[in-house]
Amino acid sequence: MGEIVSVYISKSFERVVFLKKERNRYRILLLDKGTGLLKEHIEEEPYITLLYTDMIQEVVDIPPVKDEETRELLIKKKLSERLGTQEDYLLVIREVEESPETKSFRVFGIPKGALSEGSGIPESALVNSSLFTLTPFSLMGISKAVEGGLSIFHAYADESAITITVSQGEEVLYTRSILIPPYAGDDLTDFAYENLNMTYMFVAQRSNIPVDLVLLSGRLCQDAELVDSLGQFVSCPIAVPTSGAGFKGIDEISFHEYLPCLGAVLLKEDYDFSPRPLKDRRNFKRTLNKLIPLTALGAVLSLLLLAYEVYSLKVKQAEMEKIKDMVELQARSFFHNPLIREGGLEYFLRYARLIEKSRRENPLTLLEEVGPLISFDGTKLFALKRGKGAVNLYMEVEKSFESTLELTLFRERFFRRLEELKKRGISYRVEREEKDLNKNSLYLRLTLEKKV
């Protein structure tokens, strides 16, 4: 595994960590702090953690649906009704319980517009990211590494805010983030104790969430007075996470300062707040990256052989220049090579051009771009072929639904994806469409084309 880049964006600074996975641990290669760091490293597919203090937390009940996008649309509709807004949200959705009639989900969300309101993360930057999450979930990553079986109350503070996450394993049960007011100054003891005390009471007494361990990190772990005060109030042990939770090559002070960066790389894709189309595209790309090396093995071997031949040729030329006494013999041997008789390096140039042409016109180049489309549940058949000056995808979609609403939502999403592809130069033609509203079934046959 190559280098991993993780960026944490708070109200004051951006922090970046370069890591490398080594067996069951991460080695820290480089730390940096400043402003504009995300822009510098966005091409390196970073993990991004954002400090955002107004995240919504709701439990939403909806009818059981199998399709993830339909589920997300129904949840967003419920949120709009409950919050009284038409704002689109970026969501993390976790199932709480299920019954034959309903499914309950714990939903965390931020307004999509928050990305363009001074967060430092333009939505376009998410395209190159590996994961986009918020501080509470990065804290959960560290809590799980400390002790995954316990219910942990984890409080972290940097120069901007105090973030509290209550989690057990990979489930975030409650979060709260509080901006540090100017009057708190450098001494956080009173402000931190007041907020941690109040939050602990809410979690343990009003929400009936058991707390097995309190973790203090960031600026909080250095406050002995705070630890003593909390110790007299909470009914469980208080501890401080250390780099031994899965990292090496970093001192403990830096570990706490860069903790959100480190926690983010421990998260699963479930805690990614990126828009749904981007998540689907990433997942398909990861799958494709596993398949393409196998299908491209023949081409790789051909390129290796070509590289070896060119290298051998250069070695021969160097030997001819250095060993003057062998010039005639080497030249005779050299020019007997049938490849050279066909035009010297022009042969290799033509060969390379053919490889490039084959790569450009290979239908697989279209596969990555249309991956989120063909990954729709209901894709019955798809086939790739190369036409004159274009690559084409033929596909059929056939799916039954539990209601007409699900059918309509699915069709809208499908054609919205087609329009997104059209903006990227991939045209489409619907050959046949059949809707049976009595059986709630849909059949589509279409052709996509990309000019090369």
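Since the structure is predicted, the reported quantities are computational estimates derived from the model, not experimental observations.

Chemist: What is the right way to look at the nonpolar core in this model?
Modeler: Side chains of nonpolar character tend, in soluble globular proteins, to be buried together. In terms of nonpolar packing, the biggest core is built from 52 residues, with I121, F132 and F247 touching the most fellow members. Ranked by the residues each element gives to this core, the list is headed by strand β1 (residues 3–9), at five residues. In contact with I121, other than residues within four places in its own chain, are I9, L38, I48, L50, L115, L126 and F132. One finds F153, V166, I180 and V234 within the second-largest nonpolar core, a separate group that totals 25 residues.

Chemist: It is not clear to me how the packing of aromatic side chains should be interpreted in this structure. Could you clarify?
Modeler: To describe a pair of aromatic rings, you give the distance between the ring centres and the angle between the ring planes. Throughout the structure, instances matching the rule amount to 12 aromatic pairs. With a centroid separation of 5.8 Å and an interplanar angle of 65°, the aromatic rings of F153 and Y200 are classed as edge-to-face. Pair noted here: F153 is in strand β9 (residues 151–157) and Y200 is in helix α4 (residues 189–206), with a separation of 47 residues, a long-range link. Here F153 matches Y200 in class, with each residue buried. Residues F247 and F255 carry aromatic rings whose centres are separated by 6.2 Å and whose planes lie at 50° to one another, so their mutual orientation is tilted.

Chemist: Mind showing me how you'd approach the pairing of strand β16 (residues 390–400) here?
Modeler: Moving residue by residue along a regular strand, the side chains alternate between the two faces of the sheet. Most of β16 sits inside the fold, with eight of its 11 residues counted as buried. As defined by bridge partners, β16 adjoins strand β18 (residues 441–451) across 11 bridges and the pair is classed as antiparallel. Bridging from a neighbouring strand, A390 pairs with K451 of β18.

Chemist: Hey, could you run me through the sheet that holds strand β13 (residues 238–239) in this one?
Modeler: Whenever strands of a sheet pair, they do so through backbone hydrogen bonds, lying parallel or antiparallel. Taking strand neighbours across the sheet as the criterion, the five strands line up as β11-β10-β9-β12-β13 in an open arrangement whose pairing is mixed. Looking at which strands have only one partner, the edges of the open sheet turn out to be β11 (171–179) and β13. The pairing of strand β12 (residues 213–218) with β13 spans two bridges and is parallel. For V214, the partnering residue across the bridge sits in β13 and is I238.

Chemist: Can you walk me through a negative patch on the surface in this structure?
Modeler: Residues D186, D187, D190, E194, E225 and D228 make up a contiguous surface patch of negative charge. Elements that contribute at least two residues to the negative patch include exactly α4 and α5 (224–231). With respect to the helices, strands and loops of the structure, E194 is situated in helix α4. E194 gets classed as exposed once you look at its relative accessible area, which sits at 52%.

Chemist: Would you mind showing me how to read helix α2 (residues 68–83) here?
Modeler: In this model, α2 (16 residues) spans 22 Å end to end at C-alpha, consistent with the 22 Å of a helix rising 1.5 Å per residue. Buried residues of α2: E69, T70, R71, E72, L74, I75, K76, L79 and S80, and no others. Where α2 begins, one side-chain oxygen reaches toward the backbone nitrogen of E69, 3.2 Å away; that side chain belongs to D67. After α2 finishes, the residue G84 shows a positive phi value of roughly 65°.

Chemist: Explanation requested: the environment of L31 in the structure shown.
Modeler: Among the secondary structure elements, L31 is positioned in strand β3 (residues 25–34). On the basis of relative accessible area, L31 is assigned to the partly exposed category, the value being 28%. A sequence separation of 227 residues divides L31 from Y258, and the C-alpha atoms of the two residues are 8.2 Å apart.

Cut-offs used in this document
Residues numbered from 1 in each chain as written. Predicted model: local features only at pLDDT ≥ 70, side-chain atom pairs only at ≥ 80, totals over all residues. Heavy atoms only, no water. Core = buried A, V, L, I, M, F, W, Y, C linked by side-chain atoms within 4.5 Å. Buried < 20%, exposed > 50% of the residue type's maximum accessible area, 1.4 Å probe, protein only. Helix = DSSP H or I, 4+ residues; strand = E, 2+ residues; numbered from the N terminus. Contact = heavy atoms within 4.5 Å. Phe/Tyr/Trp six-rings, centres within 6.5 Å; stacked < 30°, edge-to-face > 60°. Pairing = 2+ DSSP bridges. Patch = residues over 30% accessible without salt bridge, like charges linked within 9 Å, V, L, I, M, F, W, Y side chains within 5 Å. Areas by Shrake-Rupley, 256 points an atom, 1.4 Å probe, with all protein chains shown as cover. Salt bridge = Lys/Arg side-chain N within 4 Å of Asp/Glu carboxyl O. Lys, Arg positive; Asp, Glu negative; His and termini not counted. Charge placed at Lys NZ, Arg CZ, Asp CG, Glu CD. Expected span 1.5 Å × (residues − 1). Polar contact = N/O pair within 3.5 Å; in protein donor to acceptor, adjacent residues only side chain to side chain.

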